[in-house]
Amino acid sequence: MAKIIVVTSGKGGVGKTTSSAAIGTGLALAGHKTVIVDFDIGLRNLDLIMGCERRVVYDFVNVINGEANLKQTLIKDKRVDNLFILPASQTRDKDALTKEGVERVLNELAQDFDFILCDSPAGIESGAMMALYFADEAVVVTNPEVSSVRDSDRIIGMLSSKSRRAEQGLEGIKEHLLLTRYNPERVQKGEMLSVEDVKEILAIELIGVIPESQAVLNASNSGQPVIMDKDSDAGQAYLDTVQRLLGEKVPLRFLTVEKKGFIKRIFGG
């Protein structure tokens, strides 16, 4: 049976879709058949991050409305076996997602996939609530700044009260914290919250810390998940995150200020 994981946040622009693309790709690279579902109806960015925007013919809402089937709609990634994308609609609004329709599509996907990643819109409106409702696990993405952490705290409250598991009195959604755009130098200067600060406020399991990195922007612009850039710090951090999601114990990296060597100190950089 597939595991449904929602990638969510309270605030927009924290790297949620970048994280969905990277984690989904990482799970597929680890040999698990994975589909990433874009719940951001009306905006649709996942296909851009994944570099498959020109291959979108049908979308999630078409499947819900019976205008297309999953075989017609799912986009198979050309770089990674076992990886598929279910794109969102750009022309509908979020009310096009019905609980019954979403459940039907997720149940059909669950017959064929190991992992279903739900890339949620930011905030607490209907699309975000729909993305988290059926989840077994949640990756809460936040930046190390007060407003982002506060909004994430609100989302954690929604995960524990508004999900199907909560309604049915089952064991709650397993929550993971993913801290993105982390810059140890700014933490040292007091311009950014530390890992320990964020952990203390949100009190959920830390699954990964992604450093602030030019590689993330480069990957987004080229339509390639940053986890494919295995030489970059962000790519390595996402690979570590996926391993932890799969139950492996991997030490955290990129938390301290890198000491510059003699040559760098003399010539800069």
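Higher on the page you've got the structure.
About the criteria used
- Along every chain, residues carry numbers that run from 1 in the direction the sequence is written.
- Only residues with pLDDT of at least 70 get local features here, since the model is predicted, and only at 80 or more are side-chain atom pairs given and counted; chain-wide, interface and lining totals rely on the full set of residues.
- The side-chain figures draw on all heavy atoms in the structure; neither hydrogens nor water molecules are used.
- Here a helix means four or more residues in a row that DSSP labels H or I, a strand means two or more in a row labelled E, and each is numbered from the N terminus.
- Atoms counted for the radius of gyration: C-alpha only. Globule rule: 2.2 Å times the number of residues to the power 0.38.
- Here the term buried applies to any residue with accessible area under 20% of the maximum for its type, exposed to any over 50%, and partly exposed to those in between, with areas from a 1.4 Å probe on protein chains only.
- For this analysis, residues touch if any pair of their heavy atoms sits within 4.5 Å.
- Here the accessible surface of atoms and residues is derived via Shrake-Rupley with a 1.4 Å probe, and residues count as covered only by protein chains that are part of the display.
- Charged residues are defined narrowly, with Lys and Arg counted positive, Asp and Glu counted negative, and His plus the chain ends left uncounted.
- Think of each charge as sitting on NZ of Lys, CZ of Arg, CG of Asp or CD of Glu.
- A 1.4 Å probe that fits into a set of points on a 1 Å grid over the protein atoms alone but cannot get out defines a cavity; an open set with protein on both sides within 12 Å along at least five of seven lines defines a pocket, and lining residues are those with an atom within 4 Å of a point.
- Grid points are joined across faces, edges and corners, and a volume is the space filled by probe spheres set on the points.
- Polar here means any residue outside two lists: the nonpolar Ala, Val, Leu, Ile, Met, Phe, Trp, Tyr, Cys and Pro, and the charged Asp, Glu, Lys and Arg; Gly therefore counts as polar.
- Within this scheme, the nonpolar core is defined by two criteria: the residues are buried Ala, Val, Leu, Ile, Met, Phe, Trp, Tyr or Cys, and they are joined through side-chain atoms within 4.5 Å.
- When DSSP finds two or more bridges between two strands, those strands count as paired.
- Think of each axis as a best-fit line through the C-alpha atoms, taken over the contacting stretch in the case of a helix, with angles from 0 to 180 degrees between the N-to-C directions.

## As for the overall build of the chain
At step 1: Tallying secondary structure elements over the chain gives 13 helices and 8 strands in all.
At step 2: Since a compact globule built from 269 residues should have a radius of gyration of about 18 Å, the 18 Å found for the chain is in line with a globular shape.
At step 3: Considering only C-alpha atoms, the chain reaches an extent of 65 × 40 × 35 Å along its principal axes.
At step 4: When burial is assessed residue by residue, the chain has 53% of its 269 residues classed as buried.
At step 5: Summarising the internal contacts of the chain: among those between residues at least 6 apart in sequence, 74% fall at separations of at least 24.
At step 6: In the structure as shown, the chain presents an accessible area of about 12700 Å², 47% of it carried by carbon and sulfur atoms.
At step 7: A gap of 3 Å separates the mean positions of the 33 positive and 38 negative side-chain charges of the chain.

## Remarks on the layout of surface pockets
At step 1: Estimated volume of the largest pocket: approximately 480 Å³.
At step 2: In terms of lining residues, the largest pocket is bounded by 25 residues, among which Gly-13, Val-14, Gly-15, Thr-18 and Arg-181 are the most central.
At step 3: Of all the elements, helix H11 (residues 214-222) adds the most residues to the lining of the largest pocket, at 4 residues.
At step 4: A per-class count over the lining of the largest pocket returns 10 nonpolar, 11 polar and 4 charged.

## Thoughts on the nonpolar core
Soluble globular proteins: nonpolar side chains tend toward being buried together.
At step 1: Val-35, Phe-39, Phe-60, Leu-86, Val-102, Leu-109 and Ile-116 are the most contacted members of the largest nonpolar core, which has 54 residues in total.
At step 2: In terms of residues, this core owes the most to one element, helix H6 (residues 126-133), which gives 6 residues.
At step 3: For Phe-60, the contacting residues outside a window of four places in its chain are Val-37, Asp-38, Phe-39, Ile-41, Thr-73, Leu-86, Pro-87, Ala-88, Leu-97, Val-102 and Val-105.
At step 4: If you look at the next biggest cluster of nonpolar residues, it comprises 34 residues, including Met-50, Cys-52, Phe-115 and Ala-215.

## Regarding the side chain of Asp-240
At step 1: When you line up the elements, Asp-240 lands in helix H12 (residues 233-245).
At step 2: For Asp-240, a relative accessible area of 7% puts it in the buried group.
At step 3: Here Asp-240 is in contact with Val-250, Pro-251 and Arg-253, once residues within four sequence places are set aside.

## Considering the sheet that holds strand E3 (residues 75-76)
At step 1: A sheet is described by the order of its strands in space; here 8 strands give the open sequence E3-E4-E2-E5-E1-E6-E7-E8, paired in mixed fashion. One side of each edge strand has no neighbouring strand; the edge strands of this open sheet are E3 and strand E8 (205-211).
At step 2: Its contacts with the sheet place helix H1 (residues 16-29) against strand E1 (3-8), strand E2 (34-38), strand E4 (83-86), strand E5 (115-119), strand E6 (137-142) and strand E7 (174-182), and it is angled at close to 170 degrees to E5.
At step 3: Seen against the sheet, H12 touches E1, E6, E7 and E8 and runs at an angle of roughly 165 degrees to E8.

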